[in-house]
Amino acid sequence: MTALSPHLRQATPVVAVRGEGVHLDGEDGRRYLDFTAGIGVTSTGHCHPRVVAAAQEQVATLVHGQYTTVMHPPLRRLVDKLGEVLPQNLDSLFFTNSGSEAVKAALRLARQATGRPNVLVCHGGFHGRTVAAASMTTSGTRFRSGFSPLMSGVVVTPFPTAFRYGWDEETATRFALKELDYTLQTISPPADTAAVIVEPVLGEGGYVPANRAFVQGLRERADRHGFLLILDEVQTGVGRTGRFWGHEHFGVTPDILVTAKGLASGFPLSGIAAPEELMRKAWAGSQGGTYGANAVACAAACATLDVVRDEKLVDNAEAMGARLRQGLEAVASRTPAIGDVRGMGLMLASEFVTGDGEPDPETAARVQRAAVDEGLLLLLCGAWNQVVRMIPALVIDAAGVDEGLRAWAAAVEAGTSGTAR
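Everything numeric in this text was worked out from a predicted model, so none of it was measured. (Residues numbered from 1 in each chain as written. Predicted model: local features only at pLDDT ≥ 70, side-chain atom pairs only at ≥ 80, totals over all residues. Heavy atoms only, no water.)

## Here we look at the packing of aromatic side chains
Within the structure shown, the criterion is met by 8 aromatic pairs. Each ring, one from Tyr-165 and one from Trp-167, has its centre 4.8 Å from the other, and the planes form 25°; the classification is stacked. Taking 5.1 Å as the distance between ring centres and 75° as the angle between the ring planes, the aromatic pair formed by Trp-167 and Phe-175 counts as edge-to-face. For Trp-167, a relative accessible area of 36% gives the class partly exposed. Taken together through their ring pairs, the aromatic side chains of Tyr-165, Trp-167 and Phe-175 make up a single cluster. Positioned over the ring face of Tyr-165 is Arg-164, at 4.7 Å from the centre of the ring. (Phe/Tyr/Trp six-rings, centres within 6.5 Å; stacked < 30°, edge-to-face > 60°. Buried < 20%, exposed > 50% of the residue type's maximum accessible area, 1.4 Å probe, protein only. Lys NZ or Arg CZ within 6 Å of the ring centre and 35° of its normal.)

Laid out in structure tokens, this is it:
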């Protein structure tokens, strides 16, 4: 008999047979509140009627028109629609399938455009699991170990992770930027540095937001030294943080923007955006792929962008994120095991710590399992998996937030009192 790899272990025991909005129906007949959204993918909720209709219509006319062979209307529409939400100067697009592929496309473009070999990555960042993307990932050894040698030319610089350092945000930011300058002076000189890549909010690294001073500091150094600023918006884009793009919180525009996850409400689609002048510096033949910009995925993405606009889901993410955060902070205020609540919009997390402030993955895991018993699906993240994260679909309403908070409070009580399995 054949079976899935034993390493593909599910975070929950649920076998989902149907999805609707922010809920999943399990094979066990129980309805679960889904605060995972397919790891931030189902931005408009499970099976949004407009996304479903767009995909069904497209399946009946053209499933796949390989986009370096023929053009198809859904791709042309998607380019136009993204032009309405992207920064004005990011007017050239290249599409592929996954976040990892898009990150590698951004890296390839940066190296080809600048003629420089190195890329600076921020400590704690996650950029994917393929060899190049994993080489740029420092959120946990599980993503990058066991298949060395990794890609060369990757240089790690600090991220202002204030809670881990035990500092205030200003001190952590000052340290991170000072260390970046030291890195440019001692390891990767500007003449060898093609780009710096950063997530507006560390994803697998523990849902740690960047801040305006840090990102503006990266922008200033990129401009001064002639390297590129790449923002990995795979998880933070399409309204997740309460802005359409996470970088909008910081008053900075990247040279290259990477997008995926919530772009097509669950259909595989990713891409990069850059100024046309920069994109033209890619070498001939360096951009392509069999399945990139699949017609059905593009149709779903067009419908997704329409739903996000028409249902004002970016504003909803900001409002419901504030409501959710307030509830999480209330639970944390009476729970010594929760050391920090952080995030942006509907991208929030609670970090569990021991009595002496060390990471506590065991308690985080107990709480996450207890949440399933309460009908709430959650995921872990952080270097030790000590952080429980919440990423509900952007369509969630106040009733859904409150339902989730009730389940969370019960799960935290069970997980920290020793009554959880």
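## Here we look at the packing of helix α3 (residues 73–83) against helix α10 (residues 295–310)
Two numbers describe how α3 lies on α10: the axes approach to 8 Å, and their chain directions differ by 30°. It follows that α3 is roughly parallel to α10 by the angle criterion. The two elements α3 and α10 cross, and the hand of that crossing is left-handed. Here Pro-74, Leu-75, Arg-77, Leu-78, Lys-81 and Leu-82 of α3 come into contact with α10, specifically with Ala-295, Cys-298, Ala-299, Ala-301, Cys-302, Leu-305, Asp-306 and Arg-309. (Axes fitted to C-alpha atoms, helices over the stretch in contact; angles between N-to-C directions. Helix = DSSP H or I, 4+ residues; strand = E, 2+ residues; numbered from the N terminus. Parallel < 35°, antiparallel > 145°, perpendicular 65-115°, else oblique. Left-handed = near helix turned anticlockwise from the far one by under 90°. Contact = heavy atoms within 4.5 Å.)

## Points about the sheet that holds strand β12 (residues 347–352)
Spatial strand order, β11-β12-β15-β14: 4 strands in an open sheet with antiparallel pairing. One side of each edge strand has no neighbouring strand; the edge strands of this open sheet are β11 (338–344) and β14 (379–381). In this sheet, neighbouring strand axes are inclined to one another by 30° on average, regardless of whether the strands run parallel or antiparallel. On top of the sheet, helix α11 (residues 313–333) reaches β11, β12 and β15 (387–390); it is set at about 175° to β11, its chief contact. (Pairing = 2+ DSSP bridges.)

## Considering the nonpolar core
Nonpolar side chains tend to gather and get buried jointly when the protein is soluble and globular. One finds Leu-78, Ile-256, Leu-269, Ile-272, Leu-324, Phe-352 and Trp-408 to be the most contacted residues of the largest nonpolar core, which totals 88 residues. Counting residues per element, this core draws most heavily on α10, which supplies 9 residues. Residues within four places of Ile-272 in sequence aside, it is in contact with Ser-92, Leu-93, Phe-94, Ala-102, Ala-105, Ala-106, Leu-109, Ile-256, Leu-257, Val-258, Met-279 and Gln-287. Of all hydrophobic cores here, the second largest spans 30 residues; its members include Leu-120, Leu-202, Val-252 and Met-347. (Core = buried A, V, L, I, M, F, W, Y, C linked by side-chain atoms within 4.5 Å.)

## Focus: the sheet that holds strand β5 (residues 118–122)
With respect to topology, 7 strands assemble into an open sheet ordered β4-β10-β9-β8-β7-β5-β6, the strand pairing being mixed. With partners counted over all chains shown, the strands left at the sheet margins are β4 (92–96) and β6 (154–157), one partner each. Sheet twist, expressed as the mean angle between neighbouring strand axes with direction ignored, is 20°. Pairing analysis gives 4 bridges linking β5 to β6, with the strands arranged parallel. Note that in β6 the partner of Cys-122 across the bridge is Thr-157. Against the sheet, helix α4 (residues 99–114) makes contact with β4, β5, β7 (193–198), β8 (228–233), β9 (256–259) and β10 (270–274), and its axis sits at roughly 30° relative to β10, the strand it touches most. Contacting β5, β7 and β8, helix α8 (residues 212–225) crosses the sheet at an angle of about 145° to β8.

## A look at unusual backbone geometry
Look at the link from Ser-148 to Pro-149: it is a cis peptide, with omega at 5°. Checked against the element boundaries, Pro-149 lands in the loop between α5 (131–135) and β6. At Ile-39, a residue that is not glycine, the phi angle is positive and equals roughly 60°. Mapping Ile-39 onto the fold places it in helix α1 (residues 37–40).

## Remarks on the pattern of salt bridges
Summed over all chains, the structure comprises 22 salt bridges. A salt bridge links Arg-309 to Asp-306; its shortest N-O distance comes to 3.4 Å. Taken together, the residues Arg-309 and Asp-306, both in helix α10 and 3 residues apart, mark about one turn of the helix. Using a relative accessible area of 15% as the deciding quantity, one classes Asp-306 as buried. (Salt bridge = Lys/Arg side-chain N within 4 Å of Asp/Glu carboxyl O.)

## Examining α10
In an α-helix, one turn spans 3.6 residues; hence positions three or four apart end up facing the same way. Across its 16 residues, α10 extends 23 Å between first and last C-alpha, which sits within 8% of the 22 Å expected from 1.5 Å per residue. Most of α10 sits inside the fold, with 14 of its 16 residues counted as buried. Residue Asn-294 occupies the N-cap position of α10, its side-chain oxygen lying 2.9 Å from the main-chain nitrogen of Val-296. (Expected span 1.5 Å × (residues − 1). Polar contact = N/O pair within 3.5 Å; in protein donor to acceptor, adjacent residues only side chain to side chain.)

## Quick look at α8
With 14 residues, α8 extends 20 Å between its outermost C-alpha atoms, agreeing within 8% with the 20 Å of an ideal straight helix rising 1.5 Å per residue. Among all positions in α8, only Phe-214, Val-215, Gly-217, Leu-218, Arg-219, Arg-221 and Ala-222 are buried. Considering only its buried residues, α8 is in contact with β5, α7 (169–186), β7 and β8. For α8, the N-terminal cap is Asn-211; the gap from its side-chain oxygen to the backbone nitrogen of Ala-213 is 3.1 Å. Immediately downstream of α8, the backbone of Gly-226 shows phi near 80°, a positive value.

## Looking at the side chain of Thr-12
Looking at where Thr-12 falls in the secondary structure, it is placed in the segment before β1 (16–20). Note on Thr-12: relative accessible area 17%, which makes it buried. Discounting chain neighbours no more than four positions away, the residues touching Thr-12 are Gln-368, Val-372, Leu-377 and Leu-378.

## Here we look at the packing of helix α12 (residues 361–373) against helix α13 (residues 398–417)
It is the contact of α12 with α13, at a shortest axis distance of 8 Å, that shows an interaxial angle of 135°. As judged from the angle between their axes, α12 and α13 are oblique. The handedness of the crossing between α12 and α13 comes out as right-handed. Counted together, Thr-363, Arg-366, Val-367, Ala-370 and Ala-371 of α12 and Trp-408, Ala-411, Val-412, Ala-414, Gly-415 and Thr-416 of α13 form the full contact between these two elements. Residue composition of the contact of α12 with α13, by class: 7 nonpolar, 3 polar and 1 charged. (Nonpolar A, V, L, I, M, F, W, Y, C, P; charged D, E, K, R; others polar.)

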